[in-house]
Amino acid sequence: MSASQIPPATAVPGDDLPTLLVKIFGKDRPGITAGLFDTLAAYSVDVVDIEQVVTRGRITLCALVTAPSPAEGSTGSAEGDLRATVHSWAESMNLQAEIISGRGDNRPRGTGRSHVTVLGHPLTAETTAAIAAAITATGGNIDRIFRLAKYPVTAVEFAVSGAQTATLRSVLAPEAAQLGVDIAVVAAGLQRRAQRLVVMDVDSTLIQDEVIELFAAHAGCEAEVAEVTAAAMRGELDFEQSLHARVELLGGLDASVVEAVRKEVRLTPGARTLVRTLKRLGYQVGVVSGGFTQVTDALQEELGLDFASANTLEIIDGKLTGRVTGEIVDRAGKARLLRSFAQQAGVPLAQTVAIGDGANDLDMLNTAGLGVAFNAKPVVREAAHTAVNVPFLDTVLYLLGITREEVEAAETHVG
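For the structure given in this document, a descriptive report is provided here.

What counts as what
Residues numbered from 1 in each chain as written. Predicted model: local features only at pLDDT ≥ 70, side-chain atom pairs only at ≥ 80, totals over all residues. Heavy atoms only, no water. 1 Å grid on protein atoms, 1.4 Å probe; cavity = no way out; pocket = protein on both sides within 12 Å on 5 of 7 lines; lining within 4 Å. Points joined across faces, edges and corners; volume = space filled by probe spheres on them. Helix = DSSP H or I, 4+ residues; strand = E, 2+ residues; numbered from the N terminus. Nonpolar A, V, L, I, M, F, W, Y, C, P; charged D, E, K, R; others polar. Salt bridge = Lys/Arg side-chain N within 4 Å of Asp/Glu carboxyl O. Buried < 20%, exposed > 50% of the residue type's maximum accessible area, 1.4 Å probe, protein only.

**Some thoughts on empty space enclosed by the protein**
Under the defined criterion, the tally for this structure stands at one cavity of 30 Å³ or more. Considering only enclosed or pocket space, the largest cavity measures out at about 130 Å³ in volume. Lining the largest cavity are 17 residues, with Asp203, Glu210, Phe239, Gly290 and Gly291 positioned closest to its centre. Listing elements by their share of the lining of the largest cavity, those giving two or more residues are helix H6 (222–233), helix H7 (239–248) and strand S10 (284–292). Among the elements that make up the lining of the largest cavity, the one with the highest residue count is S10 (four residues). Taken together, the residues of the lining of the largest cavity break down into five nonpolar, five polar and seven charged.

Have a look at this one:
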């Protein structure tokens, strides 16, 4: 059919015609969907809507179809014949059938469409009830619920209409903290599956360590540096001043310490899976760090990252001088680099995702289309769009609507 032959929207079958909702329940096996529609085909009905769900081997198949027209010259009820035939077919398949008469299609969904992703470890019935009630309180309607993953956390997605994304986020954020789950609310739309750029902090995000503390351990001043680092990440100290103070303590270390520190770096659980899956799905991935290029350059090569930027330790005559060179990557610098990476990648800021844990990540998190606080300090959790508080970095994939099955498929294609 050419574009000129397509009927106008007002003529879509089922818009204002008698319709039947055919519901099939029972043990799932191949051939059920084909069998139902083969049965319905004898009555020349049009399909208005279909939904099928399989849960623990049990199928629920719903088909909304136009009511059948009486055959020419027939005195019987075409609808009655269809009902009898469907019930007979269902019985032969050891299934149950329910048929409900009505008019037209599903009622239009309310304005405002959002995806609400919930990560639970575990996800309890009590928690689910509270989340559903909170959505309802905003005027939202849950149109569909879909499980994204069952491990390492239970991740489910609610498709919600009738409430604005910002309203849902403001209501569900405190609910998440109280219930001990992670909840992300993002606007629905094509951009959710468009090509994206994901930019991460490094220390305590992509990796489990604080790199400057690894260097400090070799210099014998680990405790002193760790105390300053913690205060800076809480936002209690100016990052640039604290960086210079900590790096100064490393002066005189032999440059061979760089290779030793690289070997000590531990990736966060799920980090490799996160990057590999994103790359397999066509995303671009980068890191920005208040740490050092001596480590981020190695991570970029190891993980195949598209972008990487960090501070650089000055090394002269084979020794660390206790200084850094070049422009400092601080809180404002991270946001600036996110914008630069997005421009180079050809990705609008609205389609960027930033992940971080410290106060110096806040500008970057708030600049991105989606800012994720990963096992973050309280000040960061409160300011970010959403928070993830489980120790698995790949759970961020679920916030992007990527299912565990897609993750596993990406893993099997890695050479």
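On we go from here.
**Comments concerning the pattern of salt bridges**
Applying the stated criterion across every chain yields a total of 16 salt bridges. Residue Arg83 is joined to Glu79 by a salt bridge in which the shortest nitrogen-to-oxygen separation is 3.1 Å. Here Glu79 and Arg83 lie together in helix H2 (residues 78–92), a separation of four residues that amounts to about one turn. By relative accessible area, which is 25% here, Glu79 ends up partly exposed. Notably, a salt bridge pairs Asp357 with Lys377, separated by 2.7 Å at the nearest N-O pair. Here Lys377 lies in the loop between strand S14 (370–374) and helix H13 (378–383) and Asp357 lies in the loop between strand S13 (352–356) and helix H12 (362–367), a separation of 20 residues in the sequence. The class for Asp357 is buried, based on a relative accessible area of 1%. The class for Lys377 is partly exposed, based on a relative accessible area of 22%. Among the charged side chains, a network of salt bridges with common partners joins Asp201, Lys334 and Asp361.

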